[in-house]
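# Summary of structural features
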Amino acid sequence: MSYQQKVYNVPDPEKMKLLKKGLGVLVAILIVLFLGWDSTYMLSENQYGVVNTLGIISVENQSGIHFKIPVIQRVEKVSKQIIGMAIGYDPQTNQSKTNESLMITSDANFVNVDFYIEYRIVDPAKYLYSSDEPVMILRNLAQSYIRDTVGSYVVDDVITTGKAAIQAEVKEKLGNRIEAEDLGMMIVNVTIQDAEPPTLEVSEAFKAVETAKQGADTAVNNARKYASEKIPAAEAQADEIIKNAEAQNQS
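Here the residue index of a chain counts from 1 through its sequence in written order. Local features are withheld for residues below a pLDDT of 70 in this predicted model, meaning they are given only at 70 or higher, and side-chain atom pairs are given and counted only at 80 or more; totals for whole chains, interfaces and linings count all residues. To get the side-chain values, take all heavy atoms of the structure and skip hydrogens and water.

### Thoughts on the pairing of strand β8 (residues 110-121)
Basically, it comes down to this: The cut-offs for exposure are 20% and 50% of the maximum accessible area for each residue type, with area from a 1.4 Å probe on protein chains only; residues under the lower value are buried, those over the upper are exposed, and the others partly exposed. Only DSSP runs of H or I covering at least 4 residues are called helices, and only runs of E covering at least 2 are called strands; the numbering of each starts at the N terminus. In this description, strands pair whenever DSSP reports at least two bridges between them.
With 9 of 12 residues buried, β8 is to be regarded as a mostly interior element. Bridge count between strand β6 (residues 83-87) and β8: 5 bridges; the pairing is antiparallel. The partner of alanine 86 across the bridge, within β8, is tyrosine 116. Sheet analysis places strand β7 (residues 102-104) next to β8, joined by 3 bridges and oriented antiparallel. Across the sheet, the residue bridging to methionine 103 is valine 111, located in β8. Where β7 folds back onto β8 in an antiparallel hairpin, the turn is made up of 5 residues, including alanine 108, whose phi is positive at roughly 65°. Here 10 bridges tie β8 to strand β9 (residues 185-196), and the two strands are oriented antiparallel to one another.

### Description of the side chain of glutamine 73
Counted only if it meets this: Polar contacts, as counted here, are pairs of nitrogen or oxygen atoms within 3.5 Å of one another; within protein the pair requires one atom able to donate a hydrogen and one able to accept it, and residues that are adjacent in sequence qualify only if both atoms are side-chain atoms.
Relative to the helices and strands, glutamine 73 resides in strand β5 (residues 73-79). Within the structure, glutamine 73 has its side chain in polar contact with the backbone nitrogen of isoleucine 69 (distance 2.7 Å).

### Let's talk about the pattern of salt bridges
Using the following cut-off: Only one rule defines a salt bridge in this text: a Lys or Arg side-chain nitrogen within 4 Å of an Asp or Glu carboxyl oxygen.
Scanning the entire structure with this criterion turns up 5 salt bridges. Glutamate 100 is the partner of arginine 139 in a salt bridge, and the nearest nitrogen-oxygen pair spans 3.2 Å. Remark: glutamate 100 occurs in helix α2 (residues 98-101) and arginine 139 occurs in helix α4 (residues 134-150); sequence separation between them is 39 residues. The buried category is assigned to arginine 139, whose relative accessible area is 17%. Assessed through its relative accessible area of 10%, glutamate 100 is described here as buried. Between lysine 173 and aspartate 148 there is a salt bridge; the shortest N-O distance is 3.1 Å.

### Things to note about the nonpolar core
Selection criterion: Side-chain atoms within 4.5 Å link the members of a nonpolar core, which is a set of buried Ala, Val, Leu, Ile, Met, Phe, Trp, Tyr and Cys residues. What makes two residues a contact is simply this: any of their non-hydrogen atoms within 4.5 Å.
Residues Phe115, Ile117 and Leu174 are the most contacted members of the largest nonpolar core, which totals 32 residues. Elements that contribute at least two residues to this core include exactly β2 (47-53), β6, β8, α4, α5 (155-159), α6 (163-181) and β9. The residues touching isoleucine 117, leaving out its near neighbours within four places in the chain, are Ile83, Gly84, Met85, Ile87, Ala142, Ile146, Leu174, Ile187, Asn189 and Val190.

### A closer look at the pairing of strand β3 (residues 56-60)
Sheet topology note: the β2/β3 ladder contains 5 bridges and is antiparallel. Paired with valine 51 across the two strands is serine 58, which belongs to β3. Hairpin connection from β2 to β3: 2 residues lie between these consecutive antiparallel strands, with leucine 54 at a positive phi of about 55°.

### Overview of α6
Residues lying three or four places apart along an α-helix face the same way, a consequence of the helix completing one turn every 3.6 residues. As a reminder, the rule being used: A helix is expected to span 1.5 Å for every residue after the first. Working note: the arc is built from the helix axis to C-beta atom directions.
The terminal C-alpha atoms of α6 lie 27 Å apart, and with 19 residues this matches the ideal 27 Å at 1.5 Å per residue to within 8%. Of the residues making up α6, those classed as buried are Ile166, Val170, Leu174 and Ile178. Axial view of α6: buried residues confined to an arc of 80°, hence all on one face. Away from its buried face by more than 90 degrees, α6 exposes Ala164, Glu172, Glu179 and Ala180. Residues of α6 that are buried sit in contact with β8, α4, α5 and β9. Aspartate 182, located one to two residues past α6, shows a positive phi value of around 60°.

### Concerning the packing of aromatic side chains
We count it as follows: The criterion for an aromatic pair is that two Phe, Tyr or Trp rings (for Trp, the six-membered ring) have centres within 6.5 Å, with stacked assigned to planes under 30 degrees apart, edge-to-face to planes over 60 apart and tilted to the rest. We count a charge as sitting over a ring when the NZ of a lysine or the CZ of an arginine lies within 6 Å of the ring centre and within 35 degrees of the ring normal.
For the structure shown, the criterion picks out 0 aromatic pairs. Sitting over the face of the ring of tyrosine 48, lysine 80 holds its NZ or CZ atom 5.3 Å from the ring centroid.

### So, α4
Its 17 residues give α4 an end-to-end C-alpha distance of 24 Å, which sits within 8% of 24 Å, the value for a rise of 1.5 Å per residue. Buried residues of α4: Pro134, Leu138, Arg139, Leu141, Ala142, Tyr145, Ile146, Thr149 and Val150, and no others.

### Section: the environment of alanine 165
As for its placement among the helices and strands, alanine 165 is situated in helix α6. Expressed as a C-alpha distance, the spacing of alanine 165 and tyrosine 153, which sit 12 residues apart in the sequence, is 9.9 Å.

### Thoughts on a nonpolar patch on the surface
For clarity, the threshold we go by: Within the patch definition used here, like charges are joined within 9 Å and nonpolar side chains (Val, Leu, Ile, Met, Phe, Trp, Tyr) within 5 Å, considering only residues with over 30% relative accessible area and no salt bridge. The accessible surface values rely on the Shrake-Rupley method and a 1.4 Å probe; as for residues, cover is taken only from the protein chains in view.
On the surface, Leu54, Ile69, Val71 and Ile72 cluster together into a nonpolar patch covering about 400 Å² of accessible area. Note that valine 71 resides in the loop between β4 (64-67) and β5. Judged by relative accessible area, which is 56%, valine 71 ranks as exposed.

### Some points on the side chain of glutamate 100
Polar contacts involving the side chain of glutamate 100 include one to the side chain of glutamine 143, which spans 3.2 Å. Glutamate 100 has contacts with Ala86, Ile87, Gly88, Tyr89, Arg139, Gln143 and Arg147, leaving out every residue within four places of it along the chain.

Next up, the structure:
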């Protein structure tokens, strides 16, 4: 019987030592590079830097390179510039958004009105941390005040001579509400981009919806009126029957 001799390649201890040392150096270099990269941030003239240090918030508004504590401090950049918000149309395609632009005036007419809201962030810390969706809140409030204001004017004023008054009224209402909500923003300007009667098809469709709503309201009111008239009479009749039965029992 013959045996085949097996030969094993035993790693050189010196080479293994050098390899481990090289890996350690590489890891150390990567850590140093990461910490160095994470220890600075750059701000332009049009940016705030909101620094979060374990929940403690501070704001840096000077442009240039700034230092921070790696890992411990997080920085979010917020624009100082005026930001625009289109309501009633898509600014990219200029296509109308009927669900936003179509409104009812005080004289029961329909009108398509496009607005452009301009705002600026004045307190970046509140903007980031006072609410989850400050821009969405602004948009919802703007739509509400726009509809409320347009609804108090007749259609001719909305389309022609009343635009300036409507813009000023919406700006004041929206600005006061944004300040009360403490969102860290301010309204710079409110502009009516366009105002015109809707197409005939859209007008007819919305009129049909309004007629249906009015019909439903009328039905509900009639039912309440009927109930208010019949229930007291029925209760009185029931009381009379009870009284008569009690009188018969006593006799």
